Amino acid sequence: MSPSRITVLGECVADAFAEPAGASNELALRVLPGGGPANTAVALARLGTPARFLARLSGDVFGRLFRAHLEASGVDLSNTVTAAEPSTLAVAELDAQGQAAFSFHAQNTADWQWTAGELARVDLSTTACVHTGSLALVREPGAAVVEDFLASAAPQATISIDPNVRPLLVRPEVYRARLAHWCGLADVLRLSEDDLQLLLPDTPPEQACDLWHAAGARLVVITRGADGALASLDGVRVQVPAVLTSVADTVGAGDSFTAGLLHHLGTRGLLGGRLTELRLDDVAQACLFATRVAALTCSVAGPNPPWQSELAQLETADRD
């Protein structure tokens with residue numbers, strides 16, 4: 001069965017990684033195209049899912065970098081908005097474990113200026129799933145417009161949300177205040193252990209899943225780094241182990257996991273509605289596939305998800 005078309009909405013961020021420079025009073029920045037939703041769209045397209053990205057792309061040097069990167073990965077940009085505002089910049093510092101700490105330069109940038117008119121032009125008739133999350137859902141003035149778009153898409157498409165909490169840019173209580181509403185819109189809620197701690201401090205993952213199910217989300221997946229993932233479908237749960245890999249850094253790993261999850265469900269015809277045909281074994285298999293996609297992303301620097309051919313090579317090597 002061919003993969004279902006997925007539409008991803010959200011930001012594209014210039015991830016600038018600090019590196020040593022030639023002189024002691026200089027700092028070099030290596031800039032890679034990133035941003036959670038953009039990473040997810042790229043990963044989906046590289047896996048072979050027809051992926052359309054709804055973004056507001058600046059015409060500045062970073063915006064041109066984003067566009068070239070997305071197009072080279074096979075992402076459909078036919079509904080992007082050419083924005084007058086500048087691109088969003090995130091400067092990352094990596095610790096010894098490859099975990100990134102970001103500082104953001106995001107005031108009045110292109111990604112948050114969505115209008116109802118821009119999204120009203122989007123045709124969702126061939127879209128099986130709409131995925132969004134991260135800062136696009138909480139940064140005004142566009143956040144409310146994005147929520148309205150999800151509500152309008154829900155009758156014909158599965159809705160997937162990744163909160164991807166960024167406390168340095170938006171206070172966690174802003175996410176908390178909207179989370180129940182997002183669960184009412186979402187069929188799939190994917191978040192990390194760090195997100196869980198920021199959203200519901202000191203709450204056991206199983207209890208958090210039940211709270212989000214009660215608010216409306218059928219499938220909740222909490223990724224736990226080296227400990228794999230916990231998936232909960234209407235309160236019935238499964239634990240999936242992580243794939244061992246050498247870690248260059250973890251940037252974009254969660255976004256790649258989400259893409260792997262949605263790609264796997266889409267290839268099996270399980271997207272396109274309220275997940276009524278979804279079974280726990282389907283979830284377990286999709287999460288196992290997603291951990292492989294995330295592991296390959298961790299094995300290289302920056303948000304650089306694998307291509308379908310690389311995943312096939314890994315699977316062949318495992319069988320051998």
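First things first, this report covers the structure right here in the doc. Remember, predicted model here, so these are calculated numbers, not experimental data.

Rules of the game
- Residues numbered from 1 in each chain as written.
- Predicted model: local features only at pLDDT ≥ 70, side-chain atom pairs only at ≥ 80, totals over all residues.
- Heavy atoms only, no water.
- Buried < 20%, exposed > 50% of the residue type's maximum accessible area, 1.4 Å probe, protein only.
- Helix = DSSP H or I, 4+ residues; strand = E, 2+ residues; numbered from the N terminus.
- Pairing = 2+ DSSP bridges.
- Polar contact = N/O pair within 3.5 Å; in protein donor to acceptor, adjacent residues only side chain to side chain.
- Contact = heavy atoms within 4.5 Å.
- Phe/Tyr/Trp six-rings, centres within 6.5 Å; stacked < 30°, edge-to-face > 60°.
- Salt bridge = Lys/Arg side-chain N within 4 Å of Asp/Glu carboxyl O.
- Axes fitted to C-alpha atoms, helices over the stretch in contact; angles between N-to-C directions.

Where burial is concerned, most of strand β11 (residues 188–192) is hidden: five out of the five residues are buried. The two faces of β11 match: V188, R190 and S192 on one face and L189 and L191 on the other face are all buried. As paired strands, strand β10 (residues 158–162) and β11 are joined by two bridges and run parallel to one another. What sits directly across from S160, in β11, is V188.

This part is about the side chain of E118. On the secondary structure map, E118 appears in helix α3 (residues 116–120). A distance of 3.1 Å separates a polar atom in the side chain of E118 from the backbone nitrogen of T115. When near neighbours in sequence (up to four residues on either side) are disregarded, E118 contacts R56, V81 and Q113.

A separate point is the packing of aromatic side chains. Taken as a whole, this structure holds one aromatic pair when the rule is applied. For the ring pair Y175 and W182, a centre distance of 6.3 Å and an interplane angle of 85° mean the geometry is edge-to-face. For Y175, a relative accessible area of 0% puts it in the buried group. Owing to a relative accessible area of 0%, W182 belongs among the buried residues under this scheme.

Attention now goes to the environment of N108. Relative to the helices and strands, N108 is located in the loop between β8 (100–105) and α3. Overall, N108 belongs to the exposed group, its relative accessible area being 53%. Note: C-alpha distance between N108 and R139 (31 residues apart in sequence) is 9.8 Å. Setting aside anything within four residues of it in sequence, one finds N108 in contact with E85, P86 and Q113.

Across all of its chains, the model carries ten salt bridges by this definition. We note a salt bridge from R5 to D76, for which the minimum N-O separation is 2.9 Å. Of this pair, R5 sits in the segment before β1 (6–9) while D76 sits in the loop between α2 (61–72) and β6 (81–83), and the two are 71 residues apart along the sequence. With relative accessibility at 21%, the residue R5 sits in the partly exposed group. Under the relative-accessibility criterion, D76 is labelled partly exposed at 24%. The salt bridge involving E85 is made with R56; its shortest N-O contact spans 3.0 Å. With E85 in the loop between β6 and β7 (88–94) and R56 in strand β5 (residues 56–58), this pair connects stretches of sequence that are 29 residues apart.

With mixed pairing, four strands are arranged side by side in an open sheet as β3-β2-β7-β8. Each end of this open sheet is capped by a strand with a single partner; those strands are β3 (27–34) and β8. Averaged over all pairs of adjacent strands, the angle between strand axes in this sheet comes to 30°, irrespective of strand direction. When strand β2 (residues 13–20) meets β7, the two strands line up parallel, connected through five bridges. From the neighbouring strand, D15 faces β7, where its bridge partner is A90. Across the face of the sheet, α2 comes into contact with β2, β3 and β7 while running at roughly 45° to β3.

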